[in-house]
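If you want the building blocks of each chain, they are given just below.
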Amino acid sequence: MRQVIRILRSRIQYTIILPYLLLMIMVMLVGSGIAMTLVAGSWQERFNNQLGQVARNFAETLALREISNIAYLGQIVFTAANADTGAPAVVEAMAQRDQDGLALALRGLWTLGQSNENVSPDRLIVFDATGLALLDWERASSGDAFTRYIGTNLSGLPLIDQVLRGVQTPIGDSDVLGDKYSGLIAFRQPDGSDTLHFFTVAPVYARASDNGAPQLLGGVLVSQRLDRTLTFLQDRSQAALTVLFDGNGEPLATTAPASFLSVLRLDAAQLDMLAAINERGTCLDIGNLSGRVVTPVERVSLPACSLLTTIRVGDYEYQMVYAPLIIRGSQSGYFAVGLSRDFILSAWASSRNAVIGVTATLAIAAVLVGYWVARRITRPLDELVAVADAVSAGQLDRRSTIAEENELGRLSLAFNQMTAHLLHLYQTSRQLNRELRIESILEIATASAADLLPQTEAIAVVPSPDGWRFRLRAHTPFGYAPLASQRLASLPINGESHLAPYTDPNLTAIGIASALAVPLQQEQQTVGALIFAHPEPGAFATALLPHLQAIANMAAVALVNALLYEAAQYDAEQRRAILASIGDGVIVSDARGRVVLLNPTARQILQPVLPTDSELYLHNLPLNASEVRSELFGRPEQIVKIGDRFLTVSRAPVRLPDGHLSGEVIVLHDVTLSMQVDRAKTDFIATISHELRTPLTIVRGYIDLILRQATPALDAEQREMLEQVRQSAIAMTHLVNNAIMVANLDAGQIETNLQPIALAPVVEDVLRPLQAAFRERGVQVTLALPDDLPLVMADRELLKHALGQLLDNARRYVPQGRVLISAGVDAGEVWIAVSDTGPGIPEEIIGRLFTRFQRVDGNNSPQRGGGLGLAITRQLIELQGGSIRVTSTPGQGSTFTVRLRCAQEQSRAVAGQQPTRS
């Protein structure tokens, strides 16, 4: 007998089955007569529960429709600009009232909404702060097409006005404020009929600045036709009938035939009853529903504020639930759902008045036996649950004390073992996650593995410049020390991240008899290995492998991170050393302009202007460059002066692979010495030019005097020689004057006096002294200046000098042929062109023709200039706010065109200012 009792107590199924087996025998003996009655009664209860679930499904599906509408409105409001399609951001388009931009930005979202059955909009309206629609689309009868309405005005509608006034109201009974509203709205159709819609509306705000108050731009409304919405709700709630009523109980929309409307209508007594019930409890508020799915075994009751009734339509009987339609704490009418009662009518055919006393007795017996059985089962289960809760809360040292000789006892023992192993792995994981040094990670892995199998040692194999090398923990036994000096040409392990037997002569040489290894993988590449070594053969039993695998997985991840950290540290040190060795100053900032890096050279350069604040921003540094001309020996440069240093500044954005701007790199190059050298050269040439001009003037004067007074005493050859000397002196004087002009331009000493002047007299004044030279060379000069040419804004003397350079250039380079001087008006500017029939200019020279000391190769004319005339002309024209360009065809001639501003434009020029060339 004791053996039988021990067997029964050893299995929990016996403890449960035997008492309930006795109870079932009693039920079968006395309950067979009333089984149908009990089943019929349970059908009504199940039907009521099903009807309650249908009502909740209806409300929750409507809540899902509102939530989906809100999410859809959020997609619309936060739609950013699309550079590919040219669509602007929705908020920006609303702020600018850009209706075409709104249509372009929302076309894709309209199509997306049509494919979402929880949204499927029938109407989409974007309106401004006055309620006037900027965009109004209505779904067409087929496809994703839409009808566009113009001039829709939503102002005056209660919920729309609340949105436009920025009103926020509590949602349900909570303290949460909301600025989005849902309800019913009627839209007038082109045929004059009204169509009811369920709508959701949300405001749209914009900020003028990061710290500014939000500005209401208007709102966005999305709606669905009420008849389509009811069909959708009926399908989702699995109701046979669905109806929506207004506040007076009149049907607004229904899925029932028109003949049902008279019996579905709510009368005054039902409305009063619903109002009284609603005052005693909170009804279903779709603004507060969680959307939680009810399981089949969970009891679902009817809504607390509902009215349950039965109606008959023709030969069919329906059970209906009427309840207020509460949307975000505000009643928007009533709704009703119904199910047919046909399938439960047969269950009510039998009587339920039999043997009530027997039923009560059986119920009491079931309760007593159930309580006894429950206590036998739940007492140890309660302890296991308490221990499990404590372990899940972080108390991994909590243990179960159940000592039953059944499944619960064995479950308690297994649970304690599992918890101990989990605690061990958790502590190991926490320790590994805090470490980024390989030696420390190996120390933790060794300690964790040694708890399972003493004498186990964790060894890492990591890459090195000459192959692979072993890494050991700091307190490795002395016998493992030779591994530190060993190198591997290749890593004899690859594949998946699982422990596998590992053989290596280096390990065998130091007495390792058993080894397991797992590869360290990064982006599908093997970057090393973790080895568990043991001096005894066959030490790693099969039972230990899952535990060692868990430790290996955690340690492998930590080792990969440690390798990445070491590589990052090495790269950072290398970059830091490179930056420190660069002779130029390097500044690196983040996207906010905060300086995150200054190399030593930059810190030395910026020392005079570095602020004392803890953080340094680019706007604190004087890095705005100004143009400094040094064209006598080079091009103009953008120069920054800091202290007594002159610097060039090079800036470049730093962009991530996704194109996001993450900062900026600035390079400071010290050009102080070059500036000083250029200035010294310019001053030297200016000084020499001034010194040369005086003796050249004297030489020219004496030669002219000799040629005039010694005519009879000189023969033709002597006179020709003196004439050549005279021409050379004139050319030299011209070159010296040009050099002085260049020096004055570089020094900013040329002042301009802009005033309206006539162009024709200036051209005639310039041409007059050159006519004889043109005739001597056989060059015909033609003037083609219109009589109605407008005045130009220019400095007369500077313009004469510039045009004189152009005509003198034509004199020098056109041996014979024709020179045409023409002018005209174009785009508010006056142009004057000097065209010749000379040899022309090669195309590769034109781009640098207006730079100093630039001359056409191959031209050996004795009249060839010094290469400064055209550069001076360009600068003088630009000082007067004009421009010059050249077109040329080799072998056919060249045309130099000067463009000047018309005087009526009253443009402003600053004396001495040198405009930047483009």
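Our subject is the structure listed above.
Note that the structure is predicted; figures quoted are calculated from it, not measured.

Q: Please clarify how the pattern of salt bridges should be interpreted in this entry.
A: Any two side chains of opposite charge can pair, on the condition that their charged atoms come close. Per the stated rule, a full pass over the model turns up 21 salt bridges. Ionic pairing is found between Glu566 and Arg471, a salt bridge with its closest N-O pair at 3.0 Å. Of this pair, Glu566 sits in helix α15 (residues 545-581) while Arg471 is found in strand β15 (residues 467-471), placing the two residues 95 residues apart along the sequence. One salt bridge in this structure joins Arg899 and Asp826, with 3.2 Å as the shortest N-O distance. Residue Arg899 is located in strand β32 (residues 893-901), and its partner Asp826 is located in strand β29 (residues 817-826); the two are separated by 73 residues in the primary sequence. Since its relative accessible area comes to 17%, Arg899 is described here as buried. Residue Asp826 is classed as partly exposed on the basis of its relative accessible area of 40%. Through salt bridges that share partners, Asp122, Arg139 and Arg228 make up one connected network.

Q: Any chance you could explain the pairing of strand β19 (residues 525-534) here in plain terms?
A: Side-chain direction in a regular strand flips from residue to residue, so the side chains alternate between the two faces of the sheet. Of all ten residues in β19, nine are buried; the element is thus mostly enclosed. Here five bridges tie strand β14 (residues 457-464) to β19, and the two strands are oriented antiparallel to one another. Among the inter-strand pairings, Glu457 is bridged to a residue of β19, identified as Ala533. As defined by bridge partners, strand β18 (residues 514-522) adjoins β19 across nine bridges and the pair is classed as antiparallel. Looking at β19, one finds that Val518 is bridged to Leu530. Counting the residues in the hairpin turn of β18 and β19 gives two residues, including Glu523, whose phi is positive at 55°.

Q: Just checking my understanding: could you explain the packing of helix α13 (residues 438-452) against α15 for this structure?
A: Packed helices, taken two at a time, are described by their axes: the angle between them and the distance between them. Following both chains from N to C, one finds α13 and α15 inclined at 175°, their axes separated by 9 Å at the closest point. In this view, α13 runs roughly antiparallel relative to α15, as classed from their interaxial angle. Here Ile438, Ile441, Ala445, Ser448, Ala449 and Leu452 of α13 come into contact with α15, specifically with His547, Leu548, Ile551, Ala555, Ala558, Leu559, Ala562, Leu563 and Glu566. Class assignment for the residues of the contact of α13 with α15 results in twelve nonpolar, two polar and one charged.

Q: Looking at this structure, how should I read the nonpolar core?
A: For soluble globular proteins, the rule of thumb is that nonpolar side chains tend to be buried together. Judged by nonpolar contacts, the single largest core of 42 residues is most densely connected at Leu759, Leu799, Leu803, Leu806 and Ile832. Listing elements by their share of this core, those giving two or more residues are α19 (759-767), β28 (792-794), α21 (796-813), β29, β30 (829-836), α23 (869-879), β31 (883-889) and β32. A per-element tally of this core places α21 first, with seven residues. Contact partners of Ile832, with chain neighbours within four places excluded, come to Leu759, Val763, Leu803, Ile821, Ser822, Ala823, Phe896, Thr897 and Val898. Counting 32 residues, the second-largest nonpolar core is a separate cluster that includes Leu530, Ala539, Ala556 and Ala558.

Here is what the cut-offs are and how they apply
Residues numbered from 1 in each chain as written. Predicted model: local features only at pLDDT ≥ 70, side-chain atom pairs only at ≥ 80, totals over all residues. Heavy atoms only, no water. Salt bridge = Lys/Arg side-chain N within 4 Å of Asp/Glu carboxyl O. Helix = DSSP H or I, 4+ residues; strand = E, 2+ residues; numbered from the N terminus. Buried < 20%, exposed > 50% of the residue type's maximum accessible area, 1.4 Å probe, protein only. Pairing = 2+ DSSP bridges. Axes fitted to C-alpha atoms, helices over the stretch in contact; angles between N-to-C directions. Parallel < 35°, antiparallel > 145°, perpendicular 65-115°, else oblique. Contact = heavy atoms within 4.5 Å. Nonpolar A, V, L, I, M, F, W, Y, C, P; charged D, E, K, R; others polar. Core = buried A, V, L, I, M, F, W, Y, C linked by side-chain atoms within 4.5 Å.

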